[in-house]
Amino acid sequence: MDKNETYKLLLAQVKAMVKDESDPIANMANVAALIHEAFHFWWTGFYRVIDNQLVLGPFQGPVACTRIGFGKGVCGTSWKEKKTLVVEDVEQFPGHIACSSESRSEIVVPLLIKGEEVIGVLDIDSENLATFDATDQLWLEQIAEVVAGKL
Ligand code: SME
């Protein structure tokens with residue numbers, strides 16, 4: 001299936017999944033599972049902003065770093081800049097935090113409230129180089145918007 005088709009279906013599933021559930025952890029857990037099952041990425045998960053740090057939230061994949069500072073790594077930079085970061089080669093990203101040596105490329109999408117306050121990030125890692133592009137960004141930003149809207 002074309003990537004756009006998979007994402008279209010995924011977004012519909014995400015919306016249906018969170019519609020009647022108000023608990024943010026339950027929603028993040030199921031959304032991580034939905035994304036991970038759809039694409040079988042290396043690692044798919046959320047970090048939440050708690051006491052001025054990103055703290056590991058629900059995820060699918062190997063064990064990961066539990067806390068990331070503001071402006072640190074790809075996740076902390078996405079938080080600081082309030083924008084999605086698509087990293088084709090993590091070794092080329094200054095300050096990248098290697099939770100797993102298998103990770104080669106990454107996309108981090110901020111969870112934004114009213115386009116201003118970052119309350120967390122959606123982080124996806126791939127074991128292949130240059131896995132993510134503008135198409136992933138477009139759809140994952142919509143998924144992040146749905147999740148953020150429930151927090
Ligand atoms: N690589 C991320 C850290 C999180 S893990 O990939 C799950 C970063 O540089 O922020």
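Look up: the structure comes first, before these words.
Quick look at the structure, then. Every value quoted in this text rests on a predicted model; they were computed, and no experiment measured them.

Quick look at the environment of Leu138 now. Structurally, Leu138 can be placed in helix H4 (residues 134–148). It is 22 Å that separates the C-alpha atoms of Leu138 and Pro24, two residues lying 114 residues apart in sequence.

Helix length check: H4, at 15 residues, gives a terminal C-alpha distance of 20 Å against a target of 21 Å (1.5 Å per residue), a fit within 8%. Looking at H4, one finds that the buried residues are Asp136, Trp139, Leu140, Ile143, Ala144, Val146, Val147 and Ala148. Buried residues in H4 make contact with helix H1 (3–19), helix H2 (24–39), strand E1 (43–50), strand E5 (105–113) and strand E6 (117–126). Its side-chain oxygen placed 2.9 Å from the backbone nitrogen of Thr135, Asp133 serves as the N-cap of H4.

The subject of this paragraph is the site of the ligand. In the region of the ligand, 13 residues are neighbours, and Val74, Cys75, Ile97, Glu106 and Asp125 sit closest. Residue Glu106 places a side-chain N or O atom 3.1 Å away from a nitrogen atom belonging to the ligand. Alone, the ligand offers 310 Å² of accessible surface; in the complex the protein occludes 99% of this. Most atoms of the ligand, that is more than half of them, are within 2 Å of grid points of the largest cavity.

About the criteria used
- Residues numbered from 1 in each chain as written.
- Predicted model: local features only at pLDDT ≥ 70, side-chain atom pairs only at ≥ 80, totals over all residues.
- Heavy atoms only, no water.
- Helix = DSSP H or I, 4+ residues; strand = E, 2+ residues; numbered from the N terminus.
- Expected span 1.5 Å × (residues − 1).
- Buried < 20%, exposed > 50% of the residue type's maximum accessible area, 1.4 Å probe, protein only.
- Contact = heavy atoms within 4.5 Å.
- Polar contact = N/O pair within 3.5 Å; in protein donor to acceptor, adjacent residues only side chain to side chain.
- Near = heavy atom within 4 Å.
- Areas by Shrake-Rupley, 256 points an atom, 1.4 Å probe, with all protein chains shown as cover.
- 1 Å grid on protein atoms, 1.4 Å probe; cavity = no way out; pocket = protein on both sides within 12 Å on 5 of 7 lines; lining within 4 Å.
- Sits in = over half its atoms within 2 Å of the grid points.

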